[in-house]
Amino acid sequence: MDVFFFFNDTATTEIYTRIARRQRQMCIRDRYIAYFTDFGENNGSYQIDNSVLANGRIYKWVGKGSGRYEPLIQLVAPEKKQLFSVGANYKISAGNSVRSEFSLSNLDRNRFSSSDTGNVGYAGFFELQSKRSFNFFKNKMEIRNTGVYEFSDKNFKPLNPYRATEFSRDWNLIRSLIPVNEHLVSNTLALNFTGLNVNYTYSGFFRSDIFTGNRNELLVNFTYKGFFISATGNLMKSSDQLFKTSFFRPRVNVSQKINFIKDTRIGLNYENENNTIRTRTLDSLQKTSFAYDQYRLYINFRNSSKSSIDLYTAYRKDFLPVNNKFEEFTQAKEIGVSGELNNKNFSNLSYNLAFRQLTVINPTIGQKRPESNLIGKINHNLKLINNGISSVTIMEFGSGQQAKADFVYIKVASGTGTHIWNDGNKDGIEGKDEFLIIPGIDTANYIKYIQYNNEYIRANTASVNNNFRVDLKKIIKRKDKKVYTILSNISFNSIFRTTEKPISTEQAFSVPFFHNLADTSILLNNLSSVSTLYYNLGNPKYDFHLGFKRNKDCLLYTSDAADERSSVDLGGRRIIKKKTKYNNNNNNNKKQKR
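Residues numbered from 1 in each chain as written. Predicted model: local features only at pLDDT ≥ 70, side-chain atom pairs only at ≥ 80, totals over all residues. Heavy atoms only, no water.

What to know about unusual backbone geometry
Phi is mostly negative for residues that are not glycine, and the peptide bonds are mostly trans. Test applied: Each helix corresponds to a stretch of at least 4 residues labelled H or I by DSSP, and each strand to a stretch of at least 2 residues labelled E; elements are numbered beginning at the N terminus. Here's how the labels work: a residue is buried when its accessible area is under 20% of the maximum for its type, exposed when over 50%, partly exposed in between, all with a 1.4 Å probe on protein chains only.
If you check the backbone angles, N172 has positive phi at about 55° while not being a glycine. As for its position among the elements, N172 is in the loop between α1 (167-170) and β11 (182-193). For N172, a relative accessible area of 7% translates into the label buried.

A short note on empty space enclosed by the protein
Note the threshold: Two kinds of site are reported from a 1 Å grid over the protein atoms alone, namely cavities, where a 1.4 Å probe fits but cannot get out, and pockets, open sets with protein on both sides within 12 Å along at least five of seven lines, and residues are called lining when an atom falls within 4 Å of a point. Grid points are joined across faces, edges and corners, and a volume is the space filled by probe spheres set on the points. All residues other than Ala, Val, Leu, Ile, Met, Phe, Trp, Tyr, Cys, Pro, Asp, Glu, Lys and Arg, Gly among them, are scored as polar; the first ten of these are nonpolar and the last four charged.
Under the definition given, this model contains 1 cavity of 30 Å³ or more. Taken as a whole, the largest cavity holds about 30 Å³ of empty space. Considering the residues around the largest cavity, the lining is formed by N172, I174, F211, S238, S239, D240, F243 and T245. Examining the composition of the lining of the largest cavity, we find that 3 residues originate from one element, strand β14 (residues 227-240), more than from any other. Classifying every residue of the lining of the largest cavity gives 3 nonpolar, 4 polar and 1 charged.

What to know about the environment of Q331
Inclusion rule: We call two residues in contact whenever any of their non-hydrogen atoms come within 4.5 Å of each other. Identification of polar contacts relies on pairs of N or O atoms within 3.5 Å, with a donor-acceptor requirement for protein atoms, meaning one able to donate a hydrogen and the other able to accept it, and with residues adjacent in sequence counted only if both atoms are side-chain atoms.
Secondary-structure assignment places Q331 in strand β19 (residues 325-343). What Q331 contacts, discounting residues up to four positions off in sequence, is Y315, R316, K317, Q357, L358, T359 and I361. Within polar-contact distance, the side chain of Q331 engages the side chain of Y315 at 3.3 Å.

Brief notes about the nonpolar core
General note: in soluble globular proteins, nonpolar side chains tend to be found buried as a group. Formally: Put simply, buried Ala, Val, Leu, Ile, Met, Phe, Trp, Tyr and Cys residues joined by side-chain atoms within 4.5 Å make one nonpolar core.
One finds F167, W171, L173, L184, F205, F211, M236 and F247 forming the largest nonpolar core, which totals 8 residues. Contacts of F167, omitting those with residues within four sequence positions, involve L173, L184 and F205.

Focus: the packing of aromatic side chains
Here is the rule we go by: To pair, rings of Phe, Tyr and Trp, with the six-membered ring standing in for Trp, must have centres within 6.5 Å; the planes then decide the type, stacked if under 30 degrees apart, edge-to-face if over 60, and tilted in the middle.
Inspection of the entire model under this criterion finds 15 aromatic pairs. Measuring from ring centre to ring centre gives 5.1 Å for F36 and Y46, while their planes differ by 70°; the resulting arrangement is edge-to-face. Of this pair, F36 sits in the loop between β2 (32-33) and β3 (37-38) while Y46 sits in strand β4 (residues 46-48); the two residues are 10 residues apart in sequence, bridging distant segments of the chain. With relative accessibility at 22%, the residue F36 sits in the partly exposed group. With 5.2 Å between their ring centres and 85° between their planes, F167 and F205 make a pair best called edge-to-face. In this pair, F167 is assigned in helix α1 and F205 in strand β12 (residues 196-207), connecting sequence segments 38 residues apart. There is no split in this pair, since F167 and F205 are both buried.

By themselves, these figures tell us nothing about what the structure is for.
Okay, structure coming up:
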């Protein structure tokens, strides 16, 4: 429903001021309709007012720069993007090669404007590889060296991101980047020996004279008679005009194969990250700094391609900056299992489940709260009796955020809606609690529409999906032709789905779908099922079907009641053919039917 305004130029707001909601007839002076756009926090003058129970969203004036919404619509100018790239490879000699690439980009942000400049940018890439092999104590040793140089002009705009996903995180690019000329250099020296691999990489990233970053990474892998160890050390130091950072990430993985149990390996994994961000002037530790330690004990069972089981338990401690140093914030304990159980003839099962418990050690330095979560996925495929009975089941568990929803009732033509408005208090204003669901009558002239806002609630999620099918043609044997002719044409298909989202609380963990939670603790509860019985499905002449459909949608964190619908569908198809014969003459076309 449109909300109309009149313009009131006052000294307090200097903007459109809302006077009243017109529902039955628009006032003569109301000439404006406001459409609000979310410009981000502290970039607008309005906020959503959830305290008013009215049909539609209410935007409340909170002052310039204090809200996130404005009654404005951003116009996007037409753009033009172009990219030209050329590359070449050349093999210098055995084990030595060079590769290069050069690119030009053109980004015209406004095709209607001739005043914008600096649209053309360029970038280059150069790589040199060398490899040497020789014998060392009767074993072959190989040494590889790879040098890379990359240059990017400040105006270069690629069509798609070409750098690694965590490039900004690896270099602690914590602020919005001003376009400047960039240089990226790296050199990797790799030594490969029997059972031993050693890689050392130096990287440097330089953004004009405003950012300098240097990274050193060492990787060592060693294998001997079922024993395996992998160790990585990654140290990055950077500085810009305001901050200096140090990012240290060591990782160690040690495992041993157990000989008396076939294809079984037990191991221990350690992982640490320490990201320190300090100001250049006061040397104060910033709130964006973090650190954690994680230990993981695991055991893997393998039985060829038929089955596998992976068990693990993990312990993690997170640290946040307090008084210019790190203090422990949370502890997390996790236990999990994953694997596969396959039988190619009739069943395939894969699963990945983990139970995680989070404990807050110091609640004064962060906003997290204690919680227990079950996350994972179970997938099962079943085929029986020559694929005459088949089933696909998927169960998923997780945690996340559920957007808060506002219900809006939109007026439509009489008889095409599902709700009616009953003005109980006779104030002429459509309140959300004044709409009644009465589908299928001539006076129903409102439909319910869901709008999501920028507020979220922490919630757990559990869902079950099943597709079950029976085809008697593949089950019944051809002993009795009459019975086979009738029953073999019968098939059945069922689709079932249910989803539940309870609020994530500090209480003890509850098993999804099997709990005694109050309705006020459940955000969402949906159930849908479609079951159909077919006769002669896919026959080109005729077929029949009988179906039953049920839907139940509950958004229980609103004041609106649950919607539940069910229907029965009976239908069929019969093809009636007419043979038509055409006689084509030179000057006359005659059509005969028989």
